[in-house]
Amino acid sequence: MLMNNKEYLDLVRMVKQEIRQAQYKATLSVNKELIMLYYGIGRVINEHKAWGNKFIENLASDIKISFPDAKGYSVRNLKYMAKFAATYEDEEFVQTVSAQIPWSHNTAILDKAKTPEQREWYIRKTAENGWSHSVLIHQIESGLYQRQVIADKISNFENRLPAPQSELAVQTMKDPYIFDFIPFNEDMVERDIEQALVKDVTKLLLELGTGFAFLGNQYHLNVGGDDFYIDLLFYNLNLRCYVVIELKTCEFKPDYAGQLNFYLSAVDGILKSEHDNPTIGLLLCKSKNNIVAEYALKDMSKPIGISEYRVTSDLPEDLSKQLPSIEDIRKHIANE
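These remarks concern the structure in this document. Source: prediction; values computed, not measured. (Residues numbered from 1 in each chain as written. Predicted model: local features only at pLDDT ≥ 70, side-chain atom pairs only at ≥ 80, totals over all residues. Heavy atoms only, no water.)

1. Quick look at the overall build of the protein chain
Here's step 1: Along the protein chain, the regular secondary structure elements total 16 helices and seven strands.
Here's step 2: A separation of at least 24 residues holds for 64% of the contacts in the protein chain among residues at least 6 apart in sequence.
Here's step 3: For the protein chain, the exposed surface amounts to about 19,200 Å²; the carbon and sulfur share of it is 52%. (Helix = DSSP H or I, 4+ residues; strand = E, 2+ residues; numbered from the N terminus. Contact = heavy atoms within 4.5 Å. Areas by Shrake-Rupley, 256 points an atom, 1.4 Å probe, with all protein chains shown as cover.)

Printed below as a string of structure tokens:
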């Protein structure tokens, strides 16, 4: 029967893949047409600013009369179109970059990203990673650009990894990592943070970035008859390597790097296959002295990165202001 014929099943898979690709291309084409339409309307509005504030209101009303079922032409959205056109004067950039993502994502970036470099970076990352609207907003509000692109990263990746894995590994790092989904307790130890991260592994993977697959916590390794346990073990599909993460609730100390270096050697010897790239280590500490960290990594044989992390109570002031306080939450519950 055809249902059990391997050649037939392979053909079905191929046809399904072609359908999905065609659907995706069609969606991109429709989105691009819409973005360019909005861009054109925004230009027209900007060219007639002299007509005053009532111009946009009248335009929205007249569009509504002619196209009663059309959505997206409110006064608010027309103002976004004008802002969009004024922000991106290069039409080719809009066609090739901005049009890769939905309009709602573009408006979020207009509202929240402050510089041209940030706006372009978030547009490209949204298209690359397929971020939803809410995930994009979370990434901007958590300062992902500052933490991943312009952060003062401490690692020896460039000296210990071949290209292009070294560049990809550096790009993957953030400083600090923000685990704002962890309920904070002053007496937390490493195991408490680890368990909280594993409990909400979806948010953990979102913070780590694309390509990470979670393999386990307190991952057991037997080396020469002795037992060792890795805090968190991942495999990164983009880097094609294992990633070992160790958590520390205090300031970085040089001996932490030595311990992690040993774990990487063990993973390379026990788990790594000939098709995998060298295992990477990431040491997450409550704080670090960058000079001490750089010296600690200088002669380490394995690729290691050192970053700080933040939990809810440790968030930077500009981020913590965006979150309700415990007192605010209590008042809200009482009012409810």
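2. Focus on the environment of aspartate 180
Here's step 1: Along the chain, the position of aspartate 180 falls in the loop between strand E2 (177–179) and helix H11 (190–199).
Here's step 2: Here aspartate 180 falls in the partly exposed class, since its relative accessible area comes to 26%.
Here's step 3: A C-alpha to C-alpha distance of 4.9 Å links aspartate 180 and valine 311, two positions 131 residues apart in sequence. (Buried < 20%, exposed > 50% of the residue type's maximum accessible area, 1.4 Å probe, protein only.)

3. What about the side chain of arginine 147?
Here's step 1: Position of arginine 147 among the secondary structure elements: in helix H8 (residues 144–148).
Here's step 2: Since its relative accessible area comes to 4%, arginine 147 is described here as buried.
Here's step 3: At a separation of 2.8 Å, a polar atom in the side chain of arginine 147 contacts the main-chain carbonyl oxygen of serine 142.
Here's step 4: With near-sequence residues (within four places) excluded, arginine 147 lies in contact with Ser142, Lys153, Met173, Lys174, Asp175, Pro176, Tyr177, Ile178 and Glu207. (Polar contact = N/O pair within 3.5 Å; in protein donor to acceptor, adjacent residues only side chain to side chain.)

4. Topic: helix H2 (residues 54–66)
Here's step 1: Across its 13 residues, H2 extends 18 Å between first and last C-alpha, which sits within 8% of the 18 Å expected from 1.5 Å per residue.
Here's step 2: Residues of H2 that are buried include every one of Phe55, Ile56, Ala60 and Ile63, and no others. The buried residues of H2 occupy an angular sector of 135° when projected down its axis, which confines them to one face. For H2, the exposed residues set more than 90 degrees away from the buried face come down to Lys54 and Ile65. (Expected span 1.5 Å × (residues − 1). Arc of directions from axis to C-beta.)

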